[in-house]
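# Coordinates in review
Each chain is listed here by its residues.
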Amino acid sequence: MPMGTFRDAMEYPLLKVGLIMLVLALVISAAGFYRVGKVYSSSGTLGEGMHYLGDDKFETEYLYHNRTLILSSSGANLSLIQGTEMTNYTLVNREITLHPGERPVIYVFNGSVNYTYSATAVDYPYAIYSVVAFVLMLVGVVMAFMGYSQLLRDVKEGRR
């Protein structure tokens, strides 16, 4: 009893639709890996007091931030607050470059500070479609299995 060819197997609608769904799920899940770089930057002068740098929406919406903060002053005392840590700096005619791990908060005690802040991040705009791909994959596996079972049953009974 020879088994049919792939073309014969594709005459079974459940098997055909199941395999198409699996291929479609693979394409959709591959699209989820597409990534886009996002950049935020700002600069200006900070006077005395507490200053929150960056954009709250940018900081929470995107992943894997790479931050650079450049501070310069002709004479200022300041603190960089990162979570529970506070680092003090005295800037007298100098410039420092920092790479904070989170959105920077600066408290200027006296003087004024020039700053340039930039943050780059990664966005995966099609990642949400991976849920659709997962559902398609589950339904595709079930349909392909049902179609394949039907094919094997027909081969066993000698109809193919």
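What comes next is a walk through the structure.

The rules behind the values
Sequence positions are assigned chain by chain, starting from 1 and proceeding in written order. With pLDDT at 70 or above as the cut-off, local features in this predicted model cover only qualifying residues; side-chain atom pairs require 80 or more to be listed or tallied, and sums for whole chains, interfaces and linings still use all residues. For side-chain calculations, the full set of non-hydrogen atoms in the structure is used, while hydrogens and water are omitted. A strand pair is defined by DSSP finding two or more bridges across the two strands. Where helices and strands are cited, they refer to DSSP runs of H or I of at least four residues and of E of at least two residues respectively, numbered from the N terminus. With axes taken as lines fitted to C-alpha atoms, and helix axes fitted only over the stretch in contact, angles between N-to-C directions fall between 0 and 180 degrees. Here roughly perpendicular refers to angles of 65 to 115 degrees, roughly parallel to angles under 35, roughly antiparallel to angles over 145, and oblique to all remaining angles. Here is the rule for handedness: rotate from the far helix to the near one, and if that takes an anticlockwise turn smaller than a right angle the crossing is left-handed, while a clockwise turn gives right-handed. Throughout, the ten residues Ala, Val, Leu, Ile, Met, Phe, Trp, Tyr, Cys and Pro are labelled nonpolar, Asp, Glu, Lys and Arg are labelled charged, and all others, Gly among them, are labelled polar.

Looking now at the sheet that holds strand β6 (residues 94-98). Pairing within the open sheet is antiparallel, and its four strands lie in the order β1-β8-β3-β6. Edge positions in the sheet fall to β1 (36-46) and β6, since each of these pairs with one other strand and no more. Here the average twist between neighbouring strands, direction ignored, is 10°. Where β1 lies against strand β8 (residues 113-123), 11 bridges are found, and the strand directions are antiparallel. Looking at the pairing, Ser-41 lines up with Ser-118 of β8.

At a minimum axis distance of 7 Å, the contact between helix α2 (residues 13-31) and helix α4 (residues 129-156) shows a crossing angle of 155°. One element, α2, and the other, α4, form an angle in the roughly antiparallel class. The handedness of the crossing between α2 and α4 comes out as left-handed. For the contact of α2 with α4, a count of residues per class yields 19 nonpolar, five polar and no charged.

Neighbouring strands of a sheet are bound in pairs by backbone hydrogen bonds; such pairs are parallel or else antiparallel. Taken together, four strands build an open sheet; the order of strands is β2-β7-β4-β5 and the sheet is antiparallel. Whereas interior strands pair on both sides, the edge strands pair on one side only; in this sheet they are β2 (49-52) and β5 (85-91). On average, adjacent strands in this sheet sit at an angle of 25° to one another, irrespective of strand direction. Pairing of β2 with strand β7 (residues 105-110), which is carried by four bridges, proceeds in the antiparallel orientation. Its bridge partner being in β7, Met-50 is matched across the sheet by Tyr-107.

Read these as geometric descriptors, not functional statements.
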